[in-house]
Amino acid sequence: MHYEYLFWSMAAMVAAALAGGALCGRLQSVKHLVIGLLGWAAAIFAAVLLLARQGGFDELAAMLSIAAFMFSLVIGAAAALLTRRIRLQRQHRQMAQSLRQ
């Protein structure tokens, strides 16, 4: 039962990191993107720490929350960079189309 709980918790954490990264990727500057990702990862850290203690993982709570923080930074950064790249490509296409007309 504990392993199933861990599996679904990590799946939810990855989904939250992807969503946070996609949202942060829409920010205008890289500075704001990094600050947003750090804030999002800190929120995930706190949530995992609290939920791990409640879920019967007291001895592993610190390790799980640190791992969730690092995973959410990496996954969120990848999602944010991909979001920024897609937005920039769309802007360039729109600019090129407006110049053609």
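This report concerns the structure included in the present document. (Residues numbered from 1 in each chain as written. Predicted model: local features only at pLDDT ≥ 70, side-chain atom pairs only at ≥ 80, totals over all residues. Heavy atoms only, no water.)

**Topic: the overall build of the chain**
Next up, step 1: Each helix and strand in the chain was counted, giving 3 helices and 0 strands.
Next up, step 2: In the chain, the succession of α and β elements from N to C terminus is α-α-α.
Next up, step 3: For 101 residues, the compact-globule formula gives about 13 Å, and the C-alpha radius of gyration of the chain, at 17 Å, lies well above that figure.
Next up, step 4: Seen through its principal axes, the chain has C-alpha atoms that stretch 65 × 25 × 15 Å.
Next up, step 5: For the chain, with 101 residues in total, the buried portion stands at 22%.
Next up, step 6: In the chain, the proportion of contacts linking residues at least 24 apart, taken out of those at least 6 apart, comes to 73%.
Next up, step 7: A total accessible area of about 7,200 Å² is found for the chain, and carbon and sulfur atoms account for 70% of it. (Helix = DSSP H or I, 4+ residues; strand = E, 2+ residues; numbered from the N terminus. Rg over C-alpha atoms; globule rule 2.2 N^0.38 Å. Buried < 20%, exposed > 50% of the residue type's maximum accessible area, 1.4 Å probe, protein only. Contact = heavy atoms within 4.5 Å. Areas by Shrake-Rupley, 256 points an atom, 1.4 Å probe, with all protein chains shown as cover.)

**Describing the packing of aromatic side chains**
Next up, step 1: Applying the stated criterion across every chain, the model contains 2 aromatic pairs.
Next up, step 2: Here phenylalanine 7 and tryptophan 8 contribute two aromatic rings whose centre-to-centre distance is 5.0 Å and whose plane-to-plane angle is 75°, an arrangement assigned as edge-to-face.
Next up, step 3: Aromatic side chains phenylalanine 45 and phenylalanine 69 sit 6.3 Å apart centroid to centroid with 85° between the ring planes, which places their arrangement in the edge-to-face category. Residue phenylalanine 45 is located in helix α2 (residues 30-54), and its partner phenylalanine 69 is located in helix α3 (residues 61-100); the two are separated by 24 residues in the primary sequence.
Next up, step 4: For phenylalanine 45, a relative accessible area of 29% puts it in the partly exposed group. (Phe/Tyr/Trp six-rings, centres within 6.5 Å; stacked < 30°, edge-to-face > 60°.)

**Some thoughts on the layout of surface pockets**
The gaps of empty space that remain are located by a probe, the size of a water molecule, rolled over the atoms.
Next up, step 1: Put simply, the largest pocket is a space of about 260 Å³.
Next up, step 2: Lining the largest pocket are 15 residues; nearest its centre among them are Ser9, Met13, Ala47, Val48 and Leu51.
Next up, step 3: Contributing elements (two or more residues each) for the lining of the largest pocket: α1 (2-24) and α2.
Next up, step 4: Counted by class, the lining of the largest pocket contains 14 nonpolar, 1 polar and no charged residues. (1 Å grid on protein atoms, 1.4 Å probe; cavity = no way out; pocket = protein on both sides within 12 Å on 5 of 7 lines; lining within 4 Å. Points joined across faces, edges and corners; volume = space filled by probe spheres on them. Nonpolar A, V, L, I, M, F, W, Y, C, P; charged D, E, K, R; others polar.)

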